[in-house]
Amino acid sequence: MKKVMEITLGIVTAVGGFLEMGSVATAAQAGAAFGYDLLWAILLGTLCLIFLVEMSGRFSAVSKHTIVDGMRERFGFPFFAIVLIGITVVLFIVLVAELAGIGLSVQILTGIGFPWWAIPVSLAVWFLMWKGTFSLIENGVSVLGLVTICFIVAAVKLHPDWGSAAHGLLPTFPGDQKAKYGFIAVSILGASVSPHLMYFYCSGAIEDKWDESYIPINRVIAGLGMTFGGVLSMGVLIAAALAFRPNGIDVQTFEQTALLMTTALPKWGFFLFAASMLFACLGAALETSLAIAYFFAQGFGWNWSENLAPSKNARFAFTYTVIILLAAVPLLLGIDPFQVTMMSMALTSATLPLAIVPFLFLMNDPIYLGKYRNGWLSNSVVAIVILISFVLAVISIPLEIIGG
């Protein structure tokens, strides 16, 4: 039963990492601008993430190491420091976007501008981290995050042409707006294949004391959890395609995104959207904060565990305290959350090679994995992800400039 309950780790990873501010913003923009044509990007990101998350769990269950531990030991601290700087900068921007998403959700419900919520929201996230355990975060967010199923309900109620939607699962190229199409595709993949999901997931496996007996259930967790997130993201895109595209609405703000729910569910859509984004962004903020703290603690050899009292791992707790408080500053200055979110997704794409190339070496290292090393299929998938990530790293920032 305990192993079956571990499926919540996959659900919280999906709700807090797959479906969050970035995936909702990119999917809504994609649906509004190009209809169903970019569903293939969500599908590709979901498939890649299923394999990467499964590998992350397998690595921790067999080696009793996290990816960060293995990276530091296998490649040395100088290389790890480069990865640490690159990933931390991007994750910090992602955290800013998630805190902004929580603030905007509360703004929708109260009418009070989101900058006023910067400090209360940041303190609430910090308090949950300070007082909570990994199990509380894992189970609490997964249960609350189930409200995001309303995105699928909204998509179904708008009566999509399922044949056209299925056609969107195959890559197509637009006749015009190529730069915008490319940038949104890059952003969707950045929102889907985010390295911090792997760091959070493998650290969670260590927190929950996984061993080799968890390998079968790990496949189920990774498959179901990431598929759940992918389907939710597709629901957002389909709803946006039906609510915005026929009316020529180009989504540029968070408030516009809320209209995709009110179109399908006039009575409750407004509140369901706010609640969905509140819980999804809360899960993402907790997950991202933990991922950054895990990264530093594991990389520098500190004590770390969300299940320990802060006095037992003071440097770990200090890291997430500082990073959360610093992330509140841009919110106080009134940054544009939507633009920050889109930028963070593109930058995530640009840093994928830093995370995934060394990960491939670790997954084929007999010292860590023995007979559980990657097979040809897993290696092929990771090689494809690496190829995509290199391409994204080259084109993501120029596309952001050209595509707006």
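Residues numbered from 1 in each chain as written. Predicted model: local features only at pLDDT ≥ 70, side-chain atom pairs only at ≥ 80, totals over all residues. Heavy atoms only, no water.

(A) Here's a closer look at the packing of aromatic side chains. Inspection of the entire model under this criterion finds 18 aromatic pairs. With a centroid separation of 5.5 Å and 40° between ring planes, the pair formed by Phe59 and Tyr368 is classed as tilted. With Phe59 in helix α4 (residues 39-63) and Tyr368 in helix α19 (residues 366-369), this residue pair connects regions lying 309 residues apart in the sequence. With respect to class, Phe59 is no different from Tyr368; both count as buried. Geometrically, the ring pair formed by Phe270 and Phe271 is edge-to-face, given 5.4 Å between the ring centres and 85° between the ring planes. Across the ring face of Phe75, the terminal group of Arg74 is positioned such that the distance to the ring centre comes to 5.3 Å. (Phe/Tyr/Trp six-rings, centres within 6.5 Å; stacked < 30°, edge-to-face > 60°. Helix = DSSP H or I, 4+ residues; strand = E, 2+ residues; numbered from the N terminus. Buried < 20%, exposed > 50% of the residue type's maximum accessible area, 1.4 Å probe, protein only. Lys NZ or Arg CZ within 6 Å of the ring centre and 35° of its normal.)

(B) Layout of the confidence of the model for the protein chain. Looking at the protein chain, the pLDDT average stands at 84 and 90% of residues meet or exceed 70. The weakest mean pLDDT in the protein chain belongs to helix α2 (residues 7-18) at 51; the strongest belongs to helix α17 (residues 314-332) at 93. (pLDDT = per-residue confidence, 0-100.)

(C) Summary view of helix α9 (residues 150-157). Considered for burial, the residues of α9 that qualify are Cys150, Phe151, Ala154 and Ala155. Buried positions in α9, seen along its axis, are confined to an arc of 145° and lie on one side of it. Turning to α9, the residues buried within the fold contact α13 (215-243), α15 (259-264) and α16 (269-300). Looking at the residues trailing α9, positive phi occurs at His159, about 55°. (Arc of directions from axis to C-beta. Contact = heavy atoms within 4.5 Å.)

(D) Region of the structure containing the pattern of salt bridges. By the definition in use, this model includes 5 salt bridges. Linking Asp69 and Arg72 is a salt bridge whose minimum nitrogen-to-oxygen distance equals 3.8 Å. One end of the pair, Asp69, and the other, Arg72, are both in helix α5 (residues 67-75), 3 residues apart, so they sit about a helical turn from each other. According to the relative accessible area criterion, Arg72 is partly exposed, its value standing at 22%. One salt bridge connects Arg72 with Glu73, and the closest N-O pair in it is separated by 3.9 Å. Several salt bridges share partner residues, and in doing so they unite Asp69, Arg72 and Glu73 into one network. (Salt bridge = Lys/Arg side-chain N within 4 Å of Asp/Glu carboxyl O.)

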